[in-house]
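# Secondary and tertiary structure notes
For reference, the chains in residue letters:
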Amino acid sequence: MLRAIPFGWLLAFVAVPCLLLLAIAFSSSAEGVPPFAWGTLSLDAWATLTEDSFYLSAFLRSLRVAFITAALCLALAFPMALALARAPARWQPALVLAVLLPFWTGFLLRMAAWVGLLRDQGWLNGVLLGLGLIQEPLPMLYSTPAMLLGMVHAYLPFAVLPLYATLLRLDRGLEEAAADLGASAFTVFRTITLPLAAPGAAAAFLLVFIPAAGEYVVPEMLGPPEAQLVGRALWGAFFQDRDWPLACLLAVLLLAVLVLPIRLFQRLENRP
Amino acid sequence: MLLSLEGVTKRFGATLALDGLSLAVERGEFVALLGGSGSGKSTLLRLIAGFEAPDAGRVLLDGVDQDRVPPQARPCAMVFQNYALFPHLSVFDNVAYGLRREGLPGLDIAARVQQALALVGLEALAARRPHQLSGGQRQRVALVRALVKRPPLVLLDEPLGALDAALREATGQELRALQRATGAAFIMVTHDQAEALALADRVAVLEAGRLVQCAPPRDLYERPATRFVASFLGGANVLEGVMGADGLLHCAAAGCALRLATPLPAGTKAAVALRPERIALAAEGELPAENAATGVLRGVVYQGAGWLCTVALAGGQSLRVQVPADRAVPPEGVPVLLHWPATANIPLAD
Amino acid sequence: MSRVALVAGLAFLWLPILLLVGYAFSASPIPFQLGGFSLRWFAALAADERLLEAAWLSLRVATGAATLATVLGGLVGWVLARQGAFRGRALFGALAGVPLVLPEVVTGLSLLLAFVGLQTLLGWPTERGATTVLLAHATLGAAYAAVVVQSRLSQLDRGLEEAAADLGASPSQVFRTITLPLIAPALAAAWLLAFTLSLDDVVVASFVSGPAGTTLPMLLFSRLRLGLTPEINALGAAILALAGLALGLAAAMLHRSARHQGKAG
C-alpha cells in the first residue's frame, strides 16, 4: 500500500508524460485546443524537422555550448572544491554556504544582474569608460561569451558540490603514503588525487552538461538572438508556432541525444 | 645511531600529545612503541615520518636534523594503519610507486618489484587491485611497498591491527623474519602487549605522551619501572606499604608483610609489583610469616591456560591470582591462603 | 593555487549579486547607475500589486509543492532504501531518477501533456494554473527529496530499528519513534530543496500554467524581456535579505539542536 502511492505517482507523472511525448511527436497537428489530434499517426513534424537544416545546427550548437559550459565549470570547480575540502574543518560550512547562497537569490535575478553588468549602458561599460580604457561602450550583452558567462554562473555550484563531496571522501592517508614513498606535492596530485577524483569530476561534468544542453532562459536573456539552440527551438515551436508535435519531437530527440550521457552519469552515481 | 628523538614535544590545541620525549634507535633494531589510545604513539610515528612537525625538540635521522625535511625526502618508509593502498593501482603499481619516484629505469623497477613480491609469496597477484585481496594479502603488499625502497628505517602503524586473531601470530613472525632479512630498523606502534613482547628487541612504553620505560621485553616484564608499566604489562598487582624495623615491608591494605631483595631504611614508603602467576593459592595449610596473605575467593574466570581468581584480602585490597588449569580451584566465597616467593616482589620506582 | 581559484570563483559567484543589491539603494531610475541613497525602489516594490500577487501565489505554490514533494519523495526514498526486491523495482528506481536528468523544457512539456491527457480522460484539471504548477513542482521536488531521504536512510544503522523492534515496538512505532526523528534533518533539507526549486522555476511553470496562474518567476521573466528596471534590484535585495534571515534562523536552530544532542550524548 505504502508502495502503491509513490509508484502510482511515478507512473502518472513521469512514465505516462514521457510516453505521451513520444506519441504526440508522431501525431498530426490540428486546429483547436489542444492543437493536435489524439490517436493519429503522422510524420509531419519529422518532415518539418528534416526539411530545415536549422534544427540540426541547433542541436549541434546546443551540444557545443553545453560542452564548453561543462568544461569551464569543471576547470573552475575542481580547484575550488580542492580548496574547500582542504580548508580548516571549522571554516568549511561557511565556505560551502558561500557557494550555495547565490542559489537562493533566484536564478532570474542573477541573470538580470548580468544583463545590468554587461549591457551597453551597464555597470562594466560605465567602469571602463570612467577609467578611460574605452571611448565608447563595448557591445558585450547578447553575445556568445555573455551567454557562456551566464551559463557558468548558473551551473558552477552544481559542479563544485559533487566534487567537494568526492574530495572530502578521498582518504588523505593515500596522499601521505605517496609522499612517504617519495612523491613531490605535484606528483601526489597527478598520480593519486587526480585519478581518484576522476569519476567525481566526470559526474560533475555531466551534471552540468545534461541540463545545459536543453537550457532555454540563459541563452534567451544573454545570448545572441541569431544563435538558435534546441531549448529555444522547442520553446518557439510550442509557444510561438503552437506546433506541439514538433515541440514533442524536439524533446524526444533531445532525450535521445542525452541518453548516453545520462546513462553514464547514473552509472557514475551508483558506483560503490 | 640511526634515529634520535631529543625532547620532542607536540601539542594539538589544548592537548599535549608528546611531552619532551627522547628515544634512540640503532640500525637493524626492532622497537615496539606500546601504549593505550591517546598515549601519543601514533603521533610519534607521524612525527618521524614527517607528517607532523614537533613544537619543540629535534628528530635526527643518521645524525641529520629533519626539521623542515618533507616526508618524501626522509630515509624512512611507513606502513599505514589501514595500509593506504592506492585503490586505482594494481599490486605491482602500488609496490613500484616509490621506485618510480626515484626515477629508476623500468626494467630495474620490474625486477625489484617481482623480487619483493616473491619475498612474501604474492608474485601471482601482481595484476590484482587492492580490493581483490584478502586482509592478510593487503598487509603484505603494504609491507612490501615500504620495504622495496630499501629504507634503513621502516615505520609500522598497528601493522597487525586489522588482521583477525588467527592471522596475527603467523604474520607477526613473518614480519620479524622480514626485518631480520632486510636488516632495516623497524619501529612498530601497537597497543597489544603480547605482540610487542613477542616481536621487538626493545619495547618503549608510552603514557600520556611520555616515555615511561624502554627496555628489552624480558627486562620490561620482570623489572617494570613504574606501576603503570607493571599493570599495563601482564596486569600485575601493586602493593603499597611502609618499611618496618624488622626489615619487612608492611602493607596495611593487603594485610601482609613482604621481604624485599634489597631492604630499604625503616619508615620508607614503597610500592611493589606482584604478578598474578607468581602467587600460589591454597584452601588450607599453614600461613608463612612473610610474603603471604589470607583472603576470601570472590571471583573465578576460566581463561583456557588457567583460572584468574580475585581474592579479597583482610586489609580491604583485592589481588589477582592466576592458578594453572590443572589445579583445582576452591568454590567462590571460601577463605584461601596466598603465598609467593620473595623474588616475586618487584620494587617500583613510583 | 587552489585557494586563489576558490576566492576567484566566489568573487565571480557573488559580484553580480552584490552589485544588484548595492544598486537597489541608488535613486537613479537607470538600473546599475549611482544616484544617491534612496529607498524609493523598495517603496515602488511594495506598491506593485501584480508583483505582490504573483509573489504570494509563488509562496503558496512552493509551500504546497515542497510539502507534497517531501511526503512523496520520502516514500520513494523509503521504498528504495528499505524494501528489498519487489515486482517492478527496476522500473520504480528508474522512474524515480528520471526527473533529475531531464532538461527543464522536456519536463515542462511532458507534464503539460500529462495534464492535457488527464483533462481529456477525466475532465480534470479543468483549467491550468496554480494547481497544475503545484503538481508539476511536487513531481520535480519529489525526485530530489527521494535522493536526500534514500541516502540518509541507507547511512542509518539498521540495527537501531531492529533494536527498537526487539524491545517491542510495532513497525509503525519503530517508524514514529526511531526512523522519523533520525531522518528529520534529511526531510527538512528535502523540503527546503523542493521549496527553492519551486520558487526558482520559470520554465516548467511556463509550460504547465495558464492565464490564471502567473508565478513570480513567470512575471519577472516577462518583465525582464521588456527591459531592466531598478525595481528588480530592490526585489533582489529583498529576496537575499529574506534568504539570509531564513538561513540564519535555520543555522541557529541546527546549532541549538546540535548542542542539545551533544549534551544528551
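The rules behind each value
- Residues numbered from 1 in each chain as written.
- Chains lettered and ligands numbered in written order.
- Predicted model: local features only at pLDDT ≥ 70, side-chain atom pairs only at ≥ 80, totals over all residues.
- Helix = DSSP H or I, 4+ residues; strand = E, 2+ residues; numbered from the N terminus.
- Buried ≥ 20, exposed ≤ 12 C-beta atoms within 10 Å, placed from the backbone.
- Contact = placed C-beta atoms within 7 Å.
- Domains from an automatic or database assignment.
- Nonpolar A, V, L, I, M, F, W, Y, C, P; charged D, E, K, R; others polar.
- pLDDT = per-residue confidence, 0-100.
- Core = buried A, V, L, I, M, F, W, Y, C linked by C-beta atoms within 7 Å.
- Expected span 1.5 Å × (residues − 1).
- Bend = angle between axes of the 7 residues up to and from the residue.
- Axes fitted to C-alpha atoms, helices over the stretch in contact; angles between N-to-C directions.
- Parallel < 35°, antiparallel > 145°, perpendicular 65-115°, else oblique.
- Left-handed = near helix turned anticlockwise from the far one by under 90°.
- Pairing = 2+ DSSP bridges.

## Structural notes on the overall build of chain A
Along its length, chain A carries 12 helices and zero strands. Reading the secondary structure of chain A in the N-to-C direction produces α-α-α-α-α-α-α-α-α-α-α-α. Counting over 272 residues, chain A shows a buried share of 49%. Partitioning the contacts of chain A with sequence separation of at least 6, the portion at a separation of at least 24 is 69%.

## Description of the domain arrangement of chain B
All names here are of chain B. Segmenting chain B into domains produces domain 1 (3–231) and domain 2 (235–347). One C-alpha centre belongs to domain 1, the other to domain 2; they are set 39 Å apart. Taken together, the five residues of domain 1 in the interface contact six residues of domain 2. The residue inventory of the side of domain 1 that touches domain 2, partitioned by class, reads two nonpolar, one polar and two charged.

## Here we look at the interface of chain B and chain A
If you look at the interface, chain B gives 16 residues, while chain A gives 16 residues. Of all the elements in the fold, those that place two or more residues in the side of chain B that touches chain A are strand 6 (76–79) and helix 2 (91–101) of chain B. No other element matches the three residues that helix 2 of chain B contributes to the side of chain B that touches chain A. Within the side of chain B that touches chain A, the residues separate by chemical class into nine nonpolar, four polar and three charged.

## Observations regarding the confidence of the model for chain B
All names here are of chain B. Per-residue confidence for chain B averages 91 on the pLDDT scale, and 100% of its residues sit at or above 70. Highest mean pLDDT in chain B belongs to strand 3 (residues 30–34) (96); lowest belongs to helix 8 (residues 227–232) (88). Both confidence scores are given for the complex: pTM 0.83, ipTM 0.90.

## Concerning unusual backbone geometry
Cis geometry marks the peptide bond from Trp124 of chain C to Pro125 of chain C, where omega comes out at -5 degrees. Structurally, Pro125 of chain C can be placed in the loop between helix 5 (104–122) and helix 6 (130–155). The phi angle at Tyr83 of chain B is positive, at roughly 75 degrees, despite the residue not being glycine. As for its position among the elements, Tyr83 of chain B is in the loop between strand 6 and helix 2. Even without being a glycine, Ala84 of chain B presents a positive backbone phi close to 50 degrees.

## Considerations on the nonpolar core
Counting residues in hydrophobic clusters, the biggest one holds 173 residues, and the most contacted among them are Ala77, Ala81, Ala159 and Ala251 of chain A together with Leu109 of chain C. The greatest single-element share of this core, amounting to 16 residues, is contributed by helix 3 (residues 53–86) of chain A. Residues contacting Leu109 of chain C, with those up to four places away along its chain left out, are Leu21, Phe238, Ala247, Cys248 and Ala251 of chain A together with Phe207 of chain C. Within the second largest apolar cluster, 105 residues are counted, among which are Leu44, Ile48, Cys76 and Ala184 of chain B.

## With respect to the environment of Ala236 of chain B
Residues and elements named next belong to chain B. Examined against the element boundaries, Ala236 turns out to sit in the loop between helix 8 and strand 11 (237–243). C-beta crowding within 10 Å serves as the criterion here: with 24 such atoms nearby, Ala236 is assigned to the buried category. Once you skip the residues sitting within four places of it in the chain, Ala236 turns out to touch Pro224, Ala230, Ser231, Ala273, Leu274 and Arg275.

## Let's talk about helix 8 (residues 171–200) of chain C
Counted at 1.5 Å a residue, the expected span for helix 8 of chain C with its 30 residues is 44 Å, but the 38 Å between its end C-alpha atoms falls short. Largest kink in helix 8 of chain C: about 50 degrees, centred on Ala184 of chain C, with the proline Pro185 of chain C one to four residues after it. Listing the buried residues of helix 8 of chain C in full gives Ile183, Ala186, Ala190, Trp191, Leu193, Ala194, Phe195, Leu197, Ser198, Leu199 and Asp200 of chain C. In this structure, the buried side of helix 8 of chain C is in contact with helix 5 (107–118) of chain A together with helix 3 (49–82), helix 6 and helix 10 (216–226) of chain C.

## A few points about the packing of helix 1 (residues 4–25) of chain A against helix 12 (residues 244–269) of chain A
Residue and element names in this part refer to chain A. The geometry of helix 1 relative to helix 12 is characterised by a closest axis approach of 7 Å and an angle of 125 degrees between their N-to-C directions. Between helix 1 and helix 12, the angle falls in the class oblique. In this structure, helix 1 meets helix 12 at a crossing whose hand is left-handed. Contacts between helix 1 and helix 12 involve Leu21, Leu22, Ile24 and Ala25 on the former and, on the latter, Trp244, Pro245, Cys248, Leu249, Ala251 and Val252. Partitioned by chemical class, the residues of the contact of helix 1 with helix 12 number 10 nonpolar, no polar and no charged.

## Examining the sheet that holds strand 5 (residues 64–65) of chain B
Picture the strands of a sheet paired through backbone hydrogen bonds; they go either parallel or antiparallel. Residue and element names in this part refer to chain B. Ordered in space as 2-1-4-5, the four strands form an open sheet in which the pairing is antiparallel. Two strands bound the open sheet, and with one partner strand each, they are strand 2 (15–25) and strand 5. Summarising the sheet, strand 4 (residues 56–61) and strand 5 pair through two bridges and their orientation is antiparallel. Each residue of the ladder has a partner; that of Leu60, found in strand 5, is Asp65.

## Quick word on helix 8 (residues 172–180) of chain A
Here helix 8 of chain A lies mainly inside the structure; seven of its nine residues are buried. Of the positions making up helix 8 of chain A, those classed as buried are Leu174, Glu175, Glu176, Ala177, Ala178, Ala179 and Asp180 of chain A. Buried residues in helix 8 of chain A make contact with helix 9 (185–213) of chain A together with helix 1 (41–49), strand 6 and helix 2 of chain B. Trailing helix 8 of chain A by a residue or two, Gly182 of chain A shows a phi angle of about 105 degrees, which is positive.

## Considerations on the interface of chain A and chain C
Contacts between chain A and chain C engage 66 residues on the former and 58 residues on the latter. Among the elements that take part in the side of chain A that touches chain C, helix 1 of chain A stands out by supplying 15 residues, more than any other. Taken together, the residues of the side of chain A that touches chain C sort by class into 55 nonpolar, nine polar and two charged.

## Quick notes on the pairing of strand 12 (residues 248–251) of chain B
All names here are of chain B. The two faces of strand 12 differ: Leu249 and Cys251 on one face are buried, but Leu248 and His250 on the other face are not. Sheet analysis places strand 11 next to strand 12, joined by two bridges and oriented antiparallel. Paired with Met243 across the two strands is Leu249, which belongs to strand 12. Linking strand 11 to strand 12, which pair antiparallel, is a turn of four residues; within it Gly247 sits at a positive phi near 80 degrees. Looking at chain direction, strand 12 and strand 13 (residues 256–259) are connected through four bridges and run antiparallel. The residue bridging Leu248 from the neighbouring strand is Arg259, located in strand 13. Remark: four residues form the turn of the hairpin made by strand 12 and strand 13, two consecutive strands paired antiparallel; Gly255 in that turn has positive phi of roughly 70 degrees.

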